[in-house]
Every structure is written in structure tokens, then in C-alpha cells.
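These are the residues of each chain, in order.
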Amino acid sequence: MHTDAVKWTSSGAVYLLDQTLLPDETAYLEVDTIDAMVEAIRALRVRGAPLIGVAASMGIAAAANRMAVDGSLPGEKTAALSWLESACDTMARARPTAVNLAWAVNRLRSAVVERLSTVNDDDTAEVMVRTLRREAQRMWDEDAAMCSAMATAGAVLLPAASSVMTHCNTGMLATGGIGTALGVIRMAHEQGRVKEVYACEARPLRQGSRLTAWELARLDIPCTVVVDSAAATVMAQGRVNAVILGADRIAANGDVANKIGTQNLAIIAKEYGIPFYVAAPTSTFDLDAASGVAIPIEERPADEVATAEGVKVYNPAFDVTPAHLISGIITDRGVIEPPYGESIRRLFD
Ligand code: MRU
């Protein structure tokens, strides 16, 4: 069964599946302004590193389309590009850790700048809208293809009838396709390599117990939800053959930023000799970040963590897993292994 996490409306706006309501309610939200898309990204109505890049790009295309229709999109080239510049910057700041967001809006901006360089002022608005929509769609299609490529490359790493542990949500609710880690798990299940999945809850917003469990149930893949703090017990009991999860940004040395709690899982997996895999498309690598220290880590509002009034809360949304704890990184161009400084350089050569 398939539910699109994002779709175009017939009028050129974007429908977002509001993920904050899942699994209780399946409701779409229509978005055609920059502010509404930024709100949706910040509130995690749409989330997951690759998907926020795609959704932000679609949101900019939808906003430009609406403004072209009501006549408020500047017709003059410099003014139109300045609107785009500001829309891209605002979007990129919405969630700083996942590099896919900045990567996507930069690519969108470059595509428009290049295309507009050959166009008269008269055609600016129309060409801009068309280019934005085409480039956003291209990134969505490419992301879907990268998910499939990762699934093919990663599934074979798992021995027959494995039990795997995963964290947060990395499936079709987080990407433009079948998912990163969850795409690998899905293909491995089809091949008889995965018999069950332990999904960590992913506190505080429970992307694991709400979203991953929902996706796996619809795919008929046996899933057991565990609270994050049960992971060591489950691994110590020998119930897990491999841990596989996604990434929001991978530094040039292989350090991986991902949902808070990922580093705990990597340390526990190391202790019990369990392979620990990360699945991420090439759009998640940031070669400008030499190591995890350079990755900005989002902090979320205190009210996401229930506590007594007046008590301080520290609520980082992501952590950085050091490269030496990672057995392999599954990408759309194949699986890379340590030493990651070298293998990542080769991946992008
Ligand atoms: O805060 P979220 O829900 O956007 O966090 C998502 C994750 O941490 C995923 O593991 C990551 O984006 C990789 S998903 C394909």
C-alpha cells in the first residue's frame, strides 16, 4: 500500500501528508507559500533529510507559481532573482542539520540562474516558474532512484532471516522514494534476508514508534517497537543481527549526524559485535565539513520534552556518531568501508 508523503495539486501547490498526525490520522495540508512550507518543515509535518530538500524545492516552486498567478512575482529579472535568493535562504535555515535541504535549494537556485541568463525580462516569471517546478521534480525523481540503488546495494549485506534494528524513520515518509535504511530493509525482506525489525521509539517525537511502525505494518514486515533505552538489552539478548539507519549529514571523514540516540546504538552495537550500517544518498554528504565537529546540531523546543514547570530541558535533535563505529555506509553508488576519508574521496572523484 502506498501513500505519497508529498504531491503536486492540479493548481501547482503542494500537498503534504501531515506526519505529526500519524498514525492516528492521514490528512493532507495544502501549501503554496514560503512561510507555510517553513512552518511545516520546522514543525516536522514533513521531515526526513532527503524529503525536506524535495519538499522545500516544491514549496518554492508552488509559491512562485501562486505569485505568478496573482501578479506579485516580479517580472524584472534582478528583482525575481532577489525574491528567489531570499526564499532559498529562508528555506535553508528552517532546519540546519540535514544538509540535503541546503543542497536542494542551492541546486534549485543555480538551475534558475542558469536558465534565466538566456531569457528576456518579459519571459522571466513564466520561465522561472517552469524551471523551479522541473528542477524540484527532477530532484524528487533522482531521490527515488537513489533510494532504489541503495536498497539494491545494501540488502545483500544482510544474511538470510536477519533481525535488524533501526532508528527514527527512514522510509517513504522521509524520502522521495522507498527510503534509505528502510528501503534496504524492505528489499532485504523481499529477498528473505530480513525476518523482523526492531524499531527504536526515537524520543521525543517518536518517529520510530509512530512512523516506522506504521510504514512496516503497511508493508507486512514484522516489527517490534522498543523504547530507546531498551536497545542495549535487546542487543545483549542476541536478538539483533545488524543495526541499519539513516543520516542527516555525513562529514568528509565519515562522521555521521543522525537522529539523537544513533550514537548510543553505535556504541552498544560495537560492544556486542553487531554490524552497524548507515544508508544515505550522495546528497547527504558534506565534503565541506571535515569532521562531525563542523556539523550544526539542531536544538528543539523544551516543550517537546515533558517535565515539571521551570525545569531546564536540553533537547538536541541529532547526534554525531564517530566514523570508527560504523561498519559500512550504503550509498546510491555502492557500499563504502573504512577508512572513510579515502573511500568518501573516491566516491566523489
Ligand atoms: O527529525 P527528523 O524526523 O527529520 O529526523 C530524521 C532522521 O534522523 C533520519 O534518520 C534521517 O533524516 C535520514 S532519513 C532518510
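Residues numbered from 1 in each chain as written. Predicted model: local features only at pLDDT ≥ 70, side-chain atom pairs only at ≥ 80, totals over all residues. Heavy atoms only, no water.

Caption draft 1: Region of interest: the side chain of serine 283. Here serine 283 shows up in the loop between β10 (276–279) and β11 (285–286). One polar contact links serine 283 to asparagine 100, side chain to side chain, over a distance of 3.2 Å. With residues near it in sequence (within four places) discarded, serine 283 still touches Val99, Asn100, Trp103 and Met146. (Helix = DSSP H or I, 4+ residues; strand = E, 2+ residues; numbered from the N terminus. Polar contact = N/O pair within 3.5 Å; in protein donor to acceptor, adjacent residues only side chain to side chain. Contact = heavy atoms within 4.5 Å.)

Caption draft 2: Representation of the sheet that holds strand β8 (residues 249–251) in the model. Ordered by their spatial adjacency, 4 strands build an open sheet running β11-β8-β9-β12, and the pairing between neighbours is mixed. Only two strands of the sheet have a single partner each, and these edge strands are β11 and β12 (318–321). Examined bridge by bridge, strand β9 (residues 256–259) and β12 share 4 bridges and lie antiparallel to one another. Bridge pairing links valine 256 to threonine 321 in β12. In the packing of helix α9 (residues 262–271) onto the sheet, contacts are made with β9 and β12, and the angle to β12 comes to roughly 35 degrees. (Pairing = 2+ DSSP bridges. Axes fitted to C-alpha atoms, helices over the stretch in contact; angles between N-to-C directions.)

Caption draft 3: Focus on the packing of helix α2 (residues 49–70) against helix α4 (residues 99–116). Relative to each other, α2 and α4 sit at 35 degrees, their axes nearing to 7 Å. When you trace α2 past α4, the crossing you get is right-handed. Across the interface between the two elements, Ala49, Pro50, Ile52, Gly53, Ala56, Ser57 and Ile60 of α2 pack against Asn100, Leu101, Ala104, Val105 and Leu108 of α4. Grouping the amino acids of the contact of α2 with α4 by side-chain chemistry returns 9 nonpolar, 3 polar and no charged. (Left-handed = near helix turned anticlockwise from the far one by under 90°. Nonpolar A, V, L, I, M, F, W, Y, C, P; charged D, E, K, R; others polar.)

Caption draft 4: Broad picture of the layout of surface pockets. Of the voids in this model, the largest pocket is the one considered here, and its volume is about 200 Å³. Taken together, 16 residues line the largest pocket, and the ones lying closest to its centre are Asp228, Ser229, Ile260, Gly261 and Asn264. Elements with a contribution of two residues or more to the lining of the largest pocket: α8 (231–236) and α9. Considering every element that reaches the lining of the largest pocket, the biggest residue donor is α9, with 3 residues. Here the residues of the lining of the largest pocket are counted per class, giving 9 nonpolar, 5 polar and 2 charged. (1 Å grid on protein atoms, 1.4 Å probe; cavity = no way out; pocket = protein on both sides within 12 Å on 5 of 7 lines; lining within 4 Å. Points joined across faces, edges and corners; volume = space filled by probe spheres on them.)

Caption draft 5: Broad picture of helix α3 (residues 77–93). Helix length check: α3 (17 residues) gives 24 Å between terminal C-alpha atoms against 24 Å at 1.5 Å per residue, within 8%. For α3, the set of buried residues is Ala80, Trp83, Leu84, Ala87, Cys88 and Met91. Buried residues of α3, viewed axially, fall in a sector of 130 degrees; they line one side. α3 presents Thr78 and Arg93 as exposed residues on the side facing more than 90 degrees away from its buried surface. If you follow the buried residues of α3, they end up packed against α1 (34–42), α2, α4 and α5 (124–155). (Expected span 1.5 Å × (residues − 1). Buried < 20%, exposed > 50% of the residue type's maximum accessible area, 1.4 Å probe, protein only. Arc of directions from axis to C-beta.)

Caption draft 6: Region of the structure containing the domain arrangement of the chain. By the assigned domains, the chain splits into domain 1 (6–147) and domain 2 (156–348). Put simply, the middle of domain 1 and the middle of domain 2, counted by C-alpha atoms, are 27 Å apart. Between domain 1 and domain 2, the contact holds 24 residues from the first and 33 residues from the second. Taken together, both faces of the contact between domain 1 and domain 2 bury some 2,400 Å²; the carbon and sulfur share is 57%. Taken together, the connections running from domain 1 to domain 2 amount to 1 salt bridge. (Domains from an automatic or database assignment. Buried area = accessible area lost by both parts, 1.4 Å probe. Salt bridge = Lys/Arg side-chain N within 4 Å of Asp/Glu carboxyl O.)

Caption draft 7: Structural view of the pattern of salt bridges. Inspection of every chain in the model, using the stated rule, returns 15 salt bridges. For aspartate 32, the salt bridge is made with arginine 66, and the minimal N-O distance between the two is 3.8 Å. Of this pair, aspartate 32 sits in the loop between β3 (28–31) and α1 while arginine 66 sits in helix α2, placing them 34 residues apart in sequence. A residue is classified by how much of its surface remains accessible, and aspartate 32, at 26% relative accessible area, is partly exposed. Here glutamate 126 and arginine 130 are joined by a salt bridge, their closest N and O atoms 2.8 Å apart. You can see glutamate 126 and its partner arginine 130 sitting in helix α5, 4 residues apart, about one turn around the helix. The partly exposed category is assigned to arginine 130, whose relative accessible area is 43%. Within this structure, Arg107, Glu135, Arg138 and Glu142 form a network of salt bridges that share partners.

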